[in-house]
Amino acid sequence: MKGFAAASVLPAKRRWRGFAVAVLALVCCSVLVPLVFLLGFHNGFPSGYSSDDRSSLETNFRRYGRLDGVRELPEDVIENTTFEAGGELHKETNNESFGNGASLTLKLNHATSQSQAMDVTSLSESKDTIAQVGTEDIISHPKVVTTPHRVISKPLLASTTKSDGKESRKNNVKSSTSDETKRSCQLAFGSYCLWSIEHKEVMKDSTVKRLKDQLFVARAYYPSIAKLRGQEKLTRELKQNIQEHEHMLSEAILDADLPPLVARKIQKMDHTIARAKSCTVDCNNVDKKLRQILDLTEDEAHFHMKQSAFLYRLGVQTMPKSLHCLSMRLTVEYFKSPPMDSAYSHAHKFDNPELRHYVIFSRNTLAASVAINSTAANSEVTEDMVFHVLTDGQNYYAMKLWFARNSYKAATVRVLNFEERNHIKNEGMAKLSLTEEFHVSILDTDKPSVQMRTEYLSVFGHSHFLLPEIFNNLKKVVVLDDDVVVQRDLSSLWNLDLEGKVNGALEFCGVKLGQLRTHLGRNIYDADSCAWISGFNILDLEKWREHNVTGTYLQLLGKFQTRSEASWRAAALPISLLAFQNLIHPLQDEWTLSGLGHDFRVNAEAIGNAVSLHYNGNMKPWLELGIPNYKKYWKKFLTQEERFMDECNVSP
């Protein structure tokens, strides 16, 4: 019994000791926590940025950093040359370096319902050229994008001779840093950087700038002054001036918004900063704080740049409200009073191979109308012109009514619902696929000043490969994109000898198939063959059927793993290039001039001499963000005095 009693007392003592240890720990914590808080407050900023601000800011950066929708995909997808994307936007692909000192990175960006741009990276043919693609994010569709890895064969910083001296080396470093910043911007934000550079405004509000500069210096000195003994008065003055400056800058962006006593406050801050500089402080601490504030400011600027780039992409890659209104109004009007389709009276022309047939894939009524109007207006003979507009079910009735209400000389316009004319039993091809555009940023390092130029490589979408089946009685057709404006008579194009080739197209030798071998898989191809650009093409459908291009396309489609809509559309680049290998007849450069949708430096004389203009790129002429200098060539052929355009505020 005694043994049992002793055994029962021992656990009670142990429980009491454990309770005592817990109470002691709580007491220690209650003393230490306030002490740590007070020490942290003493060493921190009274205002402005603190460590918590940095944490919060970094959290915001991470959150908004996903505006691009970047996400990585499994390595097996990369190794199998599969274009896979889910969720909203991107995928990482492998980077390949070539023996000539160039590197290739692939980024894809899918088009919207307005034939907007898709992104991909490519290389120039120069040995000292690298190409990397920028991101052109799309809101309404998923897309595939890579992260660039640059391999540069030459150093970016120009070498200096002894006679150049320190000043020359400083200029070289400054110039190279500026070039590097521009390149990084284009690789990160794509054509937004081209637009932002063109619309950059110099800060004219010098007083606001002066206030910000003073605020940065005061924040850098404050922690060191606050630690000095006998400088309590200066510390309070510095803190008060910082708070006053912050209050003014929180309410004013322009000089005109500043309060009347701003000059006196600037003078007061100058005097306080001068006193702070006269004190003996540790320069390393001041430098550290100043660099910390500078880093935070740069991070904040980068954050706002991301926001601005997002809004830019939203503006260029979504349908304007006025065009959406126009489509809806036309559709409603069609069902109210279905028009007499004048095209049926010309049904005998639709399959007549002796006539001149033009094909346009589009979801944009206004853009297709301009392409047709410009072609017909510049033709001397239009009686034998037949335009076939292929669209989807959503825009079919709007286009039917539009082209029934408007005429283009004596030309015939026929609107087809592509979704009802699918001749191949393939679920993926049942939907309309427009021309896909790939954004190519080419970096030239063989020049004294490293420069980057941007091109847009457009290729056929999947729907184009059904043309021989849709128009089985036709021998030859001209395919136009809806962002093309014709300026000359195209009659001579029909007499062009394609020399047994299938596709008459403009070649783009800035990209060769050998430079795309990572993305072309293990297929057989000519490494020195140039890429080609769609948008203005003449097709020999008889040769197409003879070479079974559609069959080749279907075989290639089966080889590429297309498990989603994004990967399926991304495969348009390698499939188009491989399917037409050795079947391209290069057109002369005079036939079409591209770049009017992204290049602000297109020569006016070249525009006047071109047979057609191609607005390839993101800045389409019907968008508010389109390049103003080029809009006049597009608006010239815009339909005038149309009731529905006035009701939807579509400005000519």
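Given the structure is predicted, the values throughout are model-derived calculations rather than measurements. Going along each chain's sequence as written, the residues are numbered from 1 onward. Note on the predicted model: pLDDT of at least 70 is required for a residue's local features to be given, and 80 or more for side-chain atom pairs to be given and counted; whole-chain, interface and lining totals, by contrast, use all residues. With hydrogens and water stripped out, all remaining heavy atoms of the structure feed into the side-chain values.

Before we move on, could you go through the overall build of the protein and cite the residues and values that matter?
Put simply, DSSP H or I for four residues or longer makes a helix, DSSP E for two residues or longer makes a strand, and each gets a number counted from the N terminus. Of regular secondary structure, the protein possesses 21 helices and 15 strands. Type-normalised accessible area, obtained with a 1.4 Å probe on protein chains alone, sets the label of each residue: buried when under 20%, exposed when over 50%, and partly exposed for intermediate values. Buried residues in the protein amount to 50% of all 652 residues. Values of accessible area rely on a 1.4 Å probe in the Shrake-Rupley scheme; residue burial ignores everything except the protein chains shown. Carbon together with sulfur atoms contributes 53% to the accessible area of the protein, which is approximately 31,900 Å² in total.

For the sheet that holds strand S4 (residues 356–361), give the residues involved together with the corresponding values.
Strand pairing is assigned whenever DSSP identifies at least 2 bridges connecting the two strands. Within the open sheet, the seven strands sit side by side as S6-S5-S4-S9-S12-S11-S13. Their pairing is mixed. Strands at the two margins of the open sheet, each flanked by one partner only, are strand S6 (412–417) and strand S13 (584–586). If you compare each strand with its neighbour and ignore which way they point, the axes differ by 35° on average. Strand direction decides the pairing type here: S4 and strand S5 (residues 385–391), joined by six bridges, are parallel. In the sheet register, Arg-356 faces S5, and the bridge partner there is Met-385. In this description, contact between two residues means that some pair of their heavy atoms is separated by no more than 4.5 Å. Helix axes are fitted only over the stretch in contact, all axes being lines through C-alpha atoms; the angle between N-to-C directions runs from 0 to 180 degrees. Relative to the sheet, helix H11 (residues 365–377) contacts S4, S5, S6 and strand S9 (476–481), its axis offset from that of S5 by approximately 170°. Running over the sheet, helix H12 (residues 393–405) touches S5 and S6 and is turned about 165° from S6.

Go over the sheet that holds strand S14 (residues 593–594), please, and point to the residues and values.
Note: strands within a sheet are paired through backbone hydrogen bonds, in either parallel or antiparallel orientation. Strand order in the open sheet formed by three strands is S10-S15-S14, and the pairing between neighbours is mixed. Of all the strands in the sheet, the pair left with one neighbour each is strand S10 (484–486) and S14. With three bridges joining them, S10 and strand S15 (residues 612–614) adopt antiparallel strand pairing. Residue pairing in the sheet places Val-484 in a bridge with His-614 of S15.

Pulling in residues and values, what's your account of helix H9 (residues 283–316)?
For an α-helix, the turn length of 3.6 residues means that residues three or four places apart are oriented alike. Multiplying 1.5 Å by the residue count of a helix minus one yields the expected span of that helix. Across its 34 residues, H9 extends 49 Å between first and last C-alpha, which sits within 8% of the 50 Å expected from 1.5 Å per residue. All buried positions along H9 are accounted for by Val-286, Ile-293, Leu-296, Phe-303, Ala-309, Tyr-312, Arg-313 and Val-316. Polar contacts, as used here, are pairs of N or O atoms within 3.5 Å; protein pairs need one atom able to donate a hydrogen and one able to accept it. Residues neighboring in sequence count only if both atoms are side-chain atoms. One side-chain oxygen at the N-terminal end of H9 lies 3.0 Å from the backbone nitrogen of Asn-284; it belongs to Asp-282.

Please give an account of unusual backbone geometry that cites residues and values.
One non-glycine residue, Glu-499, lies in positive phi territory at about 55°. Looking at the secondary structure, you find Glu-499 in the loop between S10 and strand S11 (503–512). Glu-499 sits in the exposed class, given a relative accessible area of 59%. Of note, the phi angle at Asn-649 is positive, near 60°, even though the residue is not glycine. Structurally, the position occupied by Asn-649 is in the segment after helix H21 (643–647). According to the relative accessible area criterion, Asn-649 is exposed, its value standing at 65%.

Quick one: what's the story with the environment of Glu-354, residue by residue and with numbers?
Note that Glu-354 resides in the loop between helix H10 (321–336) and S4. With a relative accessible area of 62%, Glu-354 lands in the exposed category. The spacing of Glu-354 and Leu-474 is 120 residues in sequence and 8.4 Å in space, taken between C-alpha atoms.

Any chance you could break down the pattern of salt bridges for me, citing the residues and the numbers?
Put simply, a salt bridge is a Lys or Arg side-chain nitrogen that is within 4 Å of an Asp or Glu carboxyl oxygen. A full pass over the atoms with the stated rule returns 13 salt bridges. A salt bridge links Lys-543 to Glu-546, with the shortest nitrogen-to-oxygen separation between them at 3.5 Å. Placement of both Lys-543 and Glu-546 in helix H15 (residues 541–547) is noted, with a separation of three residues, approximately one turn of the helix. A residue is classified by how much of its surface remains accessible, and Glu-546, at 56% relative accessible area, is exposed. Through salt bridges that share partners, Arg-329, Arg-643 and Glu-647 make up one connected network.

With reference to specific residues and values, describe the packing of helix H5 (residues 191–198) against H9.
Close contact between H5 and H9 brings their axes to 10 Å; oriented N to C, the two are set at 100°. In terms of axis orientation, H5 runs roughly perpendicular to H9. Along its contact with H5, which presents Ser-191, Tyr-192 and Trp-195, the element H9 presents Met-305, Ser-308, Ala-309 and Tyr-312. The class makeup of the residues in the contact of H5 with H9 is five nonpolar, two polar and no charged. Roughly parallel covers angles under 35 degrees, roughly antiparallel covers those over 145, roughly perpendicular covers 65 to 115, and oblique covers all other angles. We call Asp, Glu, Lys and Arg charged. Ala, Val, Leu, Ile, Met, Phe, Trp, Tyr, Cys and Pro are nonpolar, and the rest, Gly among them, are polar.

Report on the nonpolar core, specifying residues and quantitative values.
Residues grouped as a nonpolar core are buried Ala, Val, Leu, Ile, Met, Phe, Trp, Tyr and Cys residues, joined through side-chain atoms within 4.5 Å. Leu-366 and Phe-403 are the most contacted members of the largest nonpolar core, which totals 70 residues. Ranked by residues supplied to this core, first place goes to H11 with seven residues. Once you skip the residues sitting within four places of it in the chain, Leu-366 turns out to touch Leu-323, Leu-326, Trp-402, Trp-634, Leu-638, Met-645 and Val-650. Membership of the second largest hydrophobic core comes to 49 residues, among which are Met-429, Val-459, Phe-465 and Val-502.

Tell me about the packing of helix H6 (residues 206–226) against helix H8 (residues 262–278), and name the residues and values.
Closest axis-to-axis distance for the H6/H8 pair is 10 Å, and the angle between their directions is 30°. Judged on the interaxial angle alone, H8 and H6 are roughly parallel. H6 and H8 meet at a crossing whose hand is left-handed. Between H6, through Thr-207, Arg-210, Leu-211, Gln-214, Val-217, Ala-218, Tyr-221 and Ile-225, and H8, the contact on the second element is made entirely by Val-262, Ile-266, Met-269, Asp-270, Ile-273, Ala-276 and Lys-277. Put simply, a crossing is left-handed when the front helix is turned counterclockwise from the back one by less than a right angle, and right-handed when it is turned clockwise.

Describe the state of the cysteines, naming the residues involved and giving the relevant values.
Here, disulfide denotes a covalent bond that connects the sulfur atoms of two cysteines. Here, the term disulfide refers to a pair of cysteine sulfur atoms separated by no more than 2.5 Å. Applying the stated criterion across every chain yields a total of two disulfides. Here Cys-325 engages in a disulfide with Cys-648; their sulfurs sit 2.1 Å apart. In this structure the cystine formed by Cys-325 and Cys-648 twists about its S-S bond by roughly -70°; its chirality is therefore left-handed. Separated by 323 residues along the polypeptide, Cys-325 in helix H10 and Cys-648 in the segment after H21 bring together distant segments of the chain.

Can you lay out the UniProt feature "coiled-coil region" (unreviewed entry) in the protein for me, pointing to particular residues and giving the numbers?
With numbering matched to this structure, UniProt assigns "coiled-coil region" (unreviewed entry) to residues 228–255. The distance separating the terminal C-alpha atoms of residues 228–255 is 36 Å; by composition the span is 71% helix and 0% strand. UniProt positions are given in the numbering used here, feature names are shortened, and annotations may be inferred rather than shown by experiment.

Would you mind going over the confidence of the model for the protein in detail, with residue names and values included?
Known as pLDDT, the predictor's confidence for each residue is given on a scale from 0 to 100. The share of residues in the protein with pLDDT of 70 or more is 68%, and the mean pLDDT across the chain is 74. Low pLDDT, under 50, characterises residues 1–10; the stretch is placed with zero contacts to residues that sit more than four places away or in other chains. A low-confidence stretch, residues 40–170 stays under pLDDT 50, and its non-local contacts, those more than four residues away or across chains, total 394 contacts.

Got a sec to walk through the packing of aromatic side chains? Specific residues and values, please.
Note on aromatic contacts: the rings of Phe and Tyr and the six-membered ring of Trp form a pair at centre separations within 6.5 Å, being stacked when their planes are under 30 degrees apart, edge-to-face when over 60 apart, and tilted otherwise. Taken as a whole and judged by the stated rule, the model has 19 aromatic pairs. Centre to centre, the rings of Tyr-358 and Trp-494 are 5.5 Å apart; their planes meet at 85°, and the pair counts as edge-to-face. With Tyr-358 in strand S4 and Trp-494 in the loop between S10 and S11, this pair connects stretches of sequence that are 136 residues apart. Through a chain of ring-to-ring contacts, three or more aromatic side chains come together here, namely Phe-460, Phe-465, Trp-532, Trp-544, Tyr-553 and Phe-580. Of note, Arg-643 hangs over the ring of Phe-644, and the distance from its end group to the ring centre comes to 4.2 Å. For a ring to carry a charge above it, either NZ of a lysine or CZ of an arginine must fall within 6 Å of the ring centroid while also lying within 35 degrees of the normal to the ring plane.

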